[in-house]
Amino acid sequence: MPLSRRAILALSLAPALAALAGPGPAPVRAAPAHPWVPQLKDGTVVGLLRHALAPGTGDPAGFRLGDCSTQRNLSAEGRAQAQAIGAALRGLGLDGARVYSSQWCRCLDTARLLALGPVEELPALNSFFAERDREGEQTRALEDWLAGQTAAGPLILVTHQVNITALTGIVPASGELVLATRLRTSAPRLVARATLG
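Residues numbered from 1 in each chain as written. Predicted model: local features only at pLDDT ≥ 70, side-chain atom pairs only at ≥ 80, totals over all residues. Heavy atoms only, no water.

- Identification of the protein as Histidine phosphatase family protein from Pannonibacter tanglangensis is taken from an unreviewed UniProt entry.

Here's what the structure looks like:
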C-alpha cells in the first residue's frame, strides 16, 4: 500500500524533530555502595575494625599477652570472616593500608588475615574489658596517637568492642568496620558503619 503524503512528511521531519529535542535525559548514576571509601583512602577518616568472630566474652582466667593458648581466639568462621573482609577492602582499592592492631591474638590474627600490608602492634588499641578504670586513660592515648597521624592514605585499626565504643559510642558486631573522623570535634565522630565479611 503506498504511503500517504502525511506519512511521507512525518518520516522526513523525524530526524529534524529529534535534533530539536536535544539529547535525552542524562543517565542516572547509582550512588556508590560505600560513599566513605574516598575519605578512608585519603586518611580523612580512620577504619576501626572489631576483631573477627571469637566465641566467648573477655578472656579466660590466666590470660597472658603474647601467649595465644591462654586467650580467646578466632574460630574457623572468624578466620574466614577476616579473610573475606580483607578481600572486600582490597576490592575497594584499599590494599596497602597502614594496619595497626591490639596485641591480643584475636586482633593480630584478624589484622594479618586481612592481607592489606604489614601489621604493627599498637598498645593503645589493647582491650580494657577487664580493667574498666583504664577506659579514660586508654581512650585519650588512642586519641593522641590518632591526632599525631599526618600521613595520607588509608588507616585501619583492629581492636576490641570496648575501645570502639569508648571512641565512637557505637557497639560494633564482630568484624564490623566503624568509620570515624581522625580528630575529635564538636560534630559527631561517627561517619559510617559497614559489614564487609
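And the narrative resumes.
1. Structural notes on the overall build of the protein
- Counting secondary structure elements, the protein contains six helices and six strands.
- Counted from the first residue to the last, the protein has its helices and strands arranged as α-α-β-α-β-α-β-α-β-α-β-β.
- Considering the protein as a whole, with its 197 residues, one finds that 40% of them fall into the buried category.
- Considering only contacts in the protein between residues 6 or more positions apart, those separated by 24 or more positions represent 63%. (Helix = DSSP H or I, 4+ residues; strand = E, 2+ residues; numbered from the N terminus. Buried < 20%, exposed > 50% of the residue type's maximum accessible area, 1.4 Å probe, protein only. Contact = heavy atoms within 4.5 Å.)

2. Quick word on the packing of helix H3 (residues 76-91) against helix H4 (residues 105-114)
- Their axes nearest at 7 Å, the elements H3 and H4 cross at an angle of 40°. Relative to H4, H3 is oriented oblique. Viewed along their axes, H3 and H4 form a crossing whose handedness is right-handed. Together, Arg 79, Ala 82, Gln 83, Ile 85, Gly 86 and Arg 90 of H3 and Asp 109, Thr 110, Leu 113 and Leu 114 of H4 make up the contact between the two elements.
- In the contact of H3 with H4, the residues fall into four nonpolar, three polar and three charged. (Axes fitted to C-alpha atoms, helices over the stretch in contact; angles between N-to-C directions. Parallel < 35°, antiparallel > 145°, perpendicular 65-115°, else oblique. Left-handed = near helix turned anticlockwise from the far one by under 90°. Nonpolar A, V, L, I, M, F, W, Y, C, P; charged D, E, K, R; others polar.)

3. Re the pairing of strand E4 (residues 155-159)
- In terms of burial, E4 is a largely internal element, five of the five residues being buried.
- Because side chains alternate across E4, one face comprises the buried residues Leu 155, Leu 157 and Thr 159, and the other comprises Ile 156 and Val 158, equally buried.
- Bridge analysis of strand E1 (residues 45-50) against E4 gives four bridges, and the strand direction is parallel. Counted as the bridge partner of Leu 49 is Val 158 from E4.
- Relative to E4, strand E2 (residues 98-101) is paired through four bridges, and the arrangement is parallel. When the bridges of E4 are listed, Ser 101 appears paired with Val 158. (Pairing = 2+ DSSP bridges.)

4. Section: the packing of aromatic side chains
- A complete count under the given rule lists two aromatic pairs for this structure.
- Judged by centre distance (5.0 Å) and plane angle (25°), the ring pair of Phe 63 and Trp 104 falls under stacked. Linking Phe 63 in the loop between E1 and H3 with Trp 104 in the loop between E2 and H4, this pair joins segments that are 41 residues apart in sequence.
- For Phe 63, a relative accessible area of 26% corresponds to the partly exposed category.
- On the numbers, 4.8 Å between centres and 70° between planes, the contact of Tyr 100 with Trp 145 is edge-to-face. A residue pair is termed long-range when its members are at least 10 positions apart, and Tyr 100 in strand E2 and Trp 145 in helix H5 (residues 135-147) qualify at 45 residues.
- Classification of Tyr 100 as buried rests on a relative accessible area of 10%. (Phe/Tyr/Trp six-rings, centres within 6.5 Å; stacked < 30°, edge-to-face > 60°.)

5. A look at the environment of Leu 116
- Position of Leu 116 relative to the elements: it lies in the loop between H4 and strand E3 (119-121).
- Through-space distance from the C-alpha of Leu 116 to that of Leu 94 is 7.4 Å; in sequence the pair is 22 residues apart.
- With residues near it in sequence (within four places) discarded, Leu 116 still touches Gly 86, Leu 89, Arg 90, Leu 94, Asp 95, Gly 96, Ala 97, Val 99 and Ile 156.

6. Structural notes on unusual backbone geometry
- A positive phi angle is found at Ala 115, which is not glycine, with a value near 55°.
- Structurally, Ala 115 can be placed in the loop between H4 and E3.

7. Re the state of the cysteines
- What the rule picks out here adds up to one disulfide.
- With a sulfur-sulfur separation of 2.0 Å, Cys 68 is cross-linked through a disulfide to Cys 105. Negative torsions about the S-S bond denote left-handed disulfides, and the value of about -85° found for Cys 68 with Cys 105 makes this one left-handed. Of the two residues, Cys 68 is situated in the loop between E1 and H3 and Cys 105 in helix H4; the sequence distance between them amounts to 37 residues.
- Relative accessible area serves as the criterion here: at 4%, Cys 105 is assigned to the buried category.
- With no disulfide of its own, Cys 107 lies 9.5 Å from the sulfur of Cys 105, the closest cysteine sulfur. (Disulfide = S-S within 2.5 Å.)

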